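The chain contents come next:
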Amino acid sequence: MWVCSTQYWARAQARPLRLVLPGSGRHGPTASSYSASTQPSRVQALVYAHHGDPAKVVELKNLELAAVGGSDVHVKMLAAPINPSDINMIQGNYGLLPPLPAVGGNEGVGQVVAVGSTVTRVKPGDWVIPANAGLGTWRTEAVFSEEALMGISSDIPLQSAATLGVNPCTAYRMLMDFEQLRPGDSVIQNASNSGVGQAVIQIAAALGLRTINVVRDRPDIQKLSNRLKNLGAEHVITEEELRKPEMKSFWKDMPQPRLALNCVGGKSSTELLRHLAPRGTMVTYGGMAKQPIIASVSQLIFKDIKLRGFWLSQWKKDHSPDQFKELILTLCDLIRRGQLTAPACSEVSLQDYQHALEASVKPFMSSKQILTM
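Because the structure is a prediction, the values reported are computed rather than measured.

Calculation criteria
- Residues numbered from 1 in each chain as written.
- Predicted model: local features only at pLDDT ≥ 70, side-chain atom pairs only at ≥ 80, totals over all residues.
- Heavy atoms only, no water.
- Axes fitted to C-alpha atoms, helices over the stretch in contact; angles between N-to-C directions.
- Helix = DSSP H or I, 4+ residues; strand = E, 2+ residues; numbered from the N terminus.
- Parallel < 35°, antiparallel > 145°, perpendicular 65-115°, else oblique.
- Left-handed = near helix turned anticlockwise from the far one by under 90°.
- Contact = heavy atoms within 4.5 Å.
- Core = buried A, V, L, I, M, F, W, Y, C linked by side-chain atoms within 4.5 Å.
- Buried < 20%, exposed > 50% of the residue type's maximum accessible area, 1.4 Å probe, protein only.
- Phe/Tyr/Trp six-rings, centres within 6.5 Å; stacked < 30°, edge-to-face > 60°.
- Pairing = 2+ DSSP bridges.

Q: Is there a simple way to explain the packing of helix α5 (residues 167-177) against helix α6 (residues 195-206) in this structure?
A: The description of two packed helices rests on the angle between their axes and on the distance between the axes. Where α5 contacts α6, the two axes come as close as 8 Å, and the packing angle between them is 50°. Between α5 and α6, the angle falls in the class oblique. The handedness of the crossing between α5 and α6 is right-handed. Contacts from Asn167, Pro168, Thr170, Ala171, Tyr172, Met174 and Leu175 of α5 reach α6 at Gly195, Val196, Ala199, Val200, Ile203 and Ala204.

Below, the structure written as structure tokens:
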């Protein structure tokens, strides 16, 4: 784990908002400046001054909107999801940690209200999404630098736009960057009902790939299975079914996957490796079980499997903004063609953030919480 440099977050956060202190003319970015206000404010944000349980450390604050400079963009946020990475960041166990106090949220969509005199890439009325993590999207309005934003078309559904910049990007890059897959090849993944998992199912189907989707057993497993199959999943099986000896016959009519996508770790990842084709690759992008990945010596030597990791923030560092823009345009095309939809979502008002945060960490929660402003 590492904490990114102040310079990086200065670029990401751009023009930070400041809290309005009731009965005081003092404003500042120090932790002491972030105190609760009962006065109504047009500009509000979900702020955390300490790492910990999101339900306990996140508070709704009244903020002051910074003046719009020449290279700045005034944005009214429309919707912003709560992702596992957002929760991890607030808990303090993510790979990027902003200086505290910080506004939560790494993803979302907003509409441009006004632009500075030197801004050329967006104009009032345009929709924009964050160009990088750490922007702090859980707020009603903000002033950001132009380079911190990316314009997108407003002809896609709002929920799709709000959830465009993280999960579908991760799914697409993992499907494209690690194995040269062709139509008819198969991919196996766990956490298949997650935001990334749902995007993998749909993008894989659009590419002609067959998917084996592993989920945890639950009371409404048939309902979940039907929903994932409606998205394009060919097979939906439980963790318990994956461990049964009967799985050997499963591969008679299904090509063994050369790509496995792991968001869980522990025993679940061990099972993915067991069914991976020789010289296949398992890509890990999460660790929901908080347990290590164990690969047997025989898998490494005799099957020559490869263990890789993927982190979208690192991919962005290794690629140009134009390449990220190209990725976003590709995904928008899939959305317009009806081949990629937003994950199952529940819209919750910013003021009801406590309910949304609590729902986000509940087990078997298949609906992504989206804060609306």
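From this point, the discussion proceeds with the structure in view.
Q: Can you walk me through the nonpolar core in this structure?
A: Proteins that are soluble and globular tend to have nonpolar side chains buried together. Judged by nonpolar contacts, the single largest core of 44 residues is most densely connected at Ile152, Leu164, Leu175, Ile203, Leu261, Ile328 and Leu331. The element that contributes the greatest number of residues to this core is helix α13 (residues 321-336), accounting for 7 residues. Setting aside residues no more than four positions away along its own chain, leucine 261 makes contact with Met174, Leu175, Val187, Ile188, Gln189, Asn190, Val200, Leu272, Val283 and Tyr285. With 21 residues, the next largest nonpolar core counts Met89, Tyr94, Leu96 and Ala133 among its residues.

Q: So what exactly am I meant to see when it comes to the packing of aromatic side chains here?
A: This structure, assessed with the given rule, holds 3 aromatic pairs. A centroid spacing of 5.9 Å and a plane angle of 80° characterise the contact between tyrosine 94 and tryptophan 311, whose relative ring orientation is edge-to-face. Linking tyrosine 94 in the loop between α3 (84-91) and β5 (102-103) with tryptophan 311 in the loop between β15 (306-309) and α12 (312-318), this pair joins segments that are 217 residues apart in sequence. Judged by relative accessible area, which is 18%, tyrosine 94 ranks as buried. With a centroid separation of 4.9 Å and an interplanar angle of 90°, the aromatic rings of phenylalanine 250 and tryptophan 251 are classed as edge-to-face.

Q: Explanation requested: the sheet that holds β15 in the structure shown.
A: Taken in spatial order, the 6 strands of this open sheet run β12-β11-β10-β13-β14-β15, and their pairing is parallel. At either end of the open sheet lies a strand with only one pairing partner, and these are β12 (235-238) and β15. Recorded for the sheet is a direction-independent mean angle of 20° between the axes of neighbouring strands. Pairing of strand β14 (residues 281-284) with β15, which is carried by 4 bridges, proceeds in the parallel orientation.

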